[in-house]
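Reading the structure
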Amino acid sequence: MKKISIVSIVVLCIILFGGCTSEPNQEVNIIPQPQQVTVVDGGFYLSPKTVINVVKGADDLQPACTFMSTLVEKSFGKALTVENGEAGKNAINIVVEPSMKTDAYDLTVEKNAVNIKGGSSKAVFYAMQSLRQMMPVGVENGEKMDRIRIQNVQIQDEPRLGYRGTMLDVCRHFFTVDEVKTFIDMLALHKLSVFHWHLTENQSWRLESKIFPMLNDSANTTRMPGKYYTQAEAKELVAFCKAHGMLLIPEIDMPGHSAAFMRTFRHDMQSPEGMKILKLLVEEVCETFDVPYLHIGTDEVKITNPQFVPEMVAFIRALGKKAISWNPGWHYQTGEIDMTHLWSSRGKAQKGIPAIDSRLHYLNHFDTFGDIIGLYNSHICDVEQGNDDIA
């Protein structure tokens with residue numbers, strides 16, 4: 001008789017018994033690590049009969065509820081029902097408590113229910129992401145299950161920093177809308193709150209312009225020509241970010257990193273003719289993006305027109321948007337810009353101007369391990385907690 005190895009027996013057991021439910025797991029591995037985690041014996045079994053129950057909340061809880069409902073749909077063959085009512089058993093009970101900090105949440109998994117309390121709908125969404133990370137990986141892949149075990153746990157969590165973002169450069173390398181959505185979903189899984197979309201560069205202008213369509217022409221693009229995002233797709237991604245608890249911040253880099261603009265119009269952005277064209281484009285961008293901020297670049301360029309940056313900031317503000325600018329870049333005084341974005345070791349936060357710290361945080365170097373070391377050893381503006389000056 002042929003010998004059967006221990007490994008074969010284990011594999012056979014997994015095939016026979018492993019597909020119906022997730023195995024008990026006493027570990028709770030959540031990234032980023034929550035402020036407080038207490039693991040308790042036992043687990044809650046999520047099933048197709050589990051209800052998402054909004055005990056106290058608002059209409060804007062729909063994205064968080066829909067997200068959890070559809071997350072398990074492939075595994076169960078049906079989405080979870082969302083109801084309004086008193087806290088109950090076999091339910092994910094949700095309470096929005098305005099007295100809590102906006103992004104803070106409490107998550108308690110008990111034998112009979114999951115209880116979520118958050119300071120806002122965003123906080124509830126973050127709690128859902130912790131719950132998502134506690135599920136078996138098969139849920140992400142739509143593996144068929146009768147029920148999903150979630151470890152009993154008590155979690156209290158809130159982010160140290162309000163602005164938790166990643167920038168994606170789609171100019172040097174274009175990504176499809178579906179690829180961008182996948183990227184945003186992975187950011188949301190890790191509770192990032194901002195998707196910074198770098199849309200213009202020397203190589204290309206990736207956002208559709210209906211008033212100047214030649215800007216997107218292959219003749220004016222030096223890398224991956226013919227690829228750009230329509231205004232409808234841009235609006236779609238704004239909505240996708242909102243449904244994932246994230247803010248989309250578009251960047252139109254000016255007056256540097258703008259060779260694609262110059263190839264198209266034969267004018268420098270800082271010239272009178274260039275500024276007239278740029279303002280028409282900025283109006284179009286602001287109409288396309290239903291978001292509060294526009295990132296304007298200003299890095300790595302010689303400013304030949306000292307009125308350019310102040311005039312463009314004033315113009316953007318008049319359109320109802322707040323402006324963000326790279327640092328090093330244009331030199332601002334308090335009140336002259338809404339937020340600065342530190343990108344090199346020379347970047348310095350300024351009192352009275354909120355700062356985003358991206359120094360030493362790039363992921364496009366040749367030394368991947370060097371990037372990882374830099375990220376894990378970084379200290380955001382050398383502070384433990386965000387404040388009015390440190391976004």
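Everything below is about the structure shown above.
Residues numbered from 1 in each chain as written. Predicted model: local features only at pLDDT ≥ 70, side-chain atom pairs only at ≥ 80, totals over all residues. Heavy atoms only, no water.

Here we look at the sheet that holds strand 4 (residues 91-96)
With mixed pairing, 7 strands are arranged side by side in an open sheet as 1-7-5-6-4-2-3. In the strand order of this sheet, the two ends are held by strand 1 (36-46) and strand 3 (81-84), each with one partner. Direction aside, the axes of adjacent strands within the sheet are offset by 20° on average. Bridge analysis of strand 2 (residues 51-56) against strand 4 gives 5 bridges, and the strand direction is parallel. Its bridge partner lying in strand 4, Lys56 is registered against Val95. Along the sheet face, helix 4 (residues 121-133) touches strand 4, strand 5 (105-109), strand 6 (113-118) and strand 7 (148-157) and points at about 35° away from the line of strand 5. (Pairing = 2+ DSSP bridges. Helix = DSSP H or I, 4+ residues; strand = E, 2+ residues; numbered from the N terminus. Axes fitted to C-alpha atoms, helices over the stretch in contact; angles between N-to-C directions. Contact = heavy atoms within 4.5 Å.)

Focus on helix 8 (residues 272-288)
Compared with an ideal rise of 1.5 Å per residue, which puts 17 residues at 24 Å, helix 8 spans 25 Å between its outermost C-alpha atoms and is within 8% of the ideal. The set of residues buried in helix 8 consists of Gly274, Met275, Ile277, Leu278, Leu281, Val282, Glu284, Val285, Cys286 and Thr288. Where helix 8 is buried, its residues meet helix 6 (231-243), strand 10 (247-254), helix 7 (259-265), strand 11 (293-297) and helix 9 (308-318). (Expected span 1.5 Å × (residues − 1). Buried < 20%, exposed > 50% of the residue type's maximum accessible area, 1.4 Å probe, protein only.)

Notes on the pairing of strand 11
In terms of residue burial, strand 11 counts as a mostly covered element, since 5 of its 5 residues are buried. Sheet topology note: the strand 10/strand 11 ladder contains 2 bridges and is parallel. Across the sheet, the residue bridging to Met254 is Gly297, located in strand 11. Here 3 bridges tie strand 11 to strand 12 (residues 322-327), and the two strands are oriented parallel to one another. Bridging across to strand 12, Tyr293 finds its partner in Lys322. Remark: the strand 11/helix 9/strand 12 crossover connection has right-handed handedness. (Right-handed = clockwise from strand over helix to strand, strands pointing away.)

A word on the side chain of Asp157
Considering the arrangement of structural elements, one finds Asp157 in strand 7. Buried and unpaired, Asp157 has Lys191 as its nearest opposite-charge partner, separated by 4.8 Å. (Lys, Arg positive; Asp, Glu negative; His and termini not counted. Salt bridge = Lys/Arg side-chain N within 4 Å of Asp/Glu carboxyl O.)

Considering the sheet that holds strand 9 (residues 194-198)
Read across the open sheet, the 7 strands follow the order 8-9-10-11-12-13-14; overall the sheet is parallel. This sheet does not close on itself; its edge strands, each paired only once, are strand 8 (165-169) and strand 14 (355-357). For this sheet, the mean inter-axis angle between neighbouring strands, taken without regard to orientation, is 25°. Summarising the sheet, strand 9 and strand 10 pair through 5 bridges and their orientation is parallel. Note on strand 10: the bridge partner recorded for Val194 is Leu247.

Overview of the packing of helix 5 (residues 177-189) against helix 6
Taken N-terminus to C-terminus, the directions of helix 5 and helix 6 make an angle of 20°; their axes are 11 Å apart at the nearest point. The orientation of helix 5 with respect to helix 6, classified from their angle, is roughly parallel. In this structure, helix 5 meets helix 6 at a crossing whose hand is right-handed. Across from Val177, Val180, Lys181, Ile184 and Asp185 in helix 5, the residues of helix 6 making contact are Glu233, Glu236, Leu237, Phe240 and Cys241. Of the residues that constitute the contact of helix 5 with helix 6, the class distribution is 6 nonpolar, no polar and 4 charged. (Parallel < 35°, antiparallel > 145°, perpendicular 65-115°, else oblique. Left-handed = near helix turned anticlockwise from the far one by under 90°. Nonpolar A, V, L, I, M, F, W, Y, C, P; charged D, E, K, R; others polar.)

A closer look at the nonpolar core
Core analysis: the biggest nonpolar cluster contains 88 residues, and Leu46, Phe195, Trp197 and Phe289 have the highest contact counts within it. Setting aside chain neighbours within four positions, we find Phe195 in contact with Thr166, Leu168, Val180, Phe183, Ile184, Leu187, Cys241, Met246, Leu247, Leu248 and Ile249. Residues Tyr163, Ile249, Met339 and Ile356 belong to the second largest nonpolar core, which totals 8 residues. (Core = buried A, V, L, I, M, F, W, Y, C linked by side-chain atoms within 4.5 Å.)

A look at the layout of surface pockets
Each pocket or cavity is described by its volume, and for the second largest pocket that value is around 360 Å³. Forming the boundary of the second largest pocket are 21 residues, of which Leu161, Gly162, Tyr163, Asn387 and Ala391 lie nearest the centre. (1 Å grid on protein atoms, 1.4 Å probe; cavity = no way out; pocket = protein on both sides within 12 Å on 5 of 7 lines; lining within 4 Å. Points joined across faces, edges and corners; volume = space filled by probe spheres on them.)

Observations concerning the packing of aromatic side chains
How two aromatic rings sit relative to each other is given by the distance of their centres and the angle of their planes. Counted according to the given criterion, the structure contains 9 aromatic pairs. Relative to Phe261, the ring of Trp205 lies with its centre 6.4 Å away and its plane at 40°, an arrangement referred to as tilted. Of the two residues, Trp205 sits in the loop between strand 9 and helix 6 while Phe261 sits in helix 7, which places them 56 residues apart along the sequence. Of the residues examined, Trp205 reaches a relative accessible area of 4% and is grouped as buried. Under the relative-accessibility criterion, Phe261 is labelled buried at 1%. (Phe/Tyr/Trp six-rings, centres within 6.5 Å; stacked < 30°, edge-to-face > 60°.)

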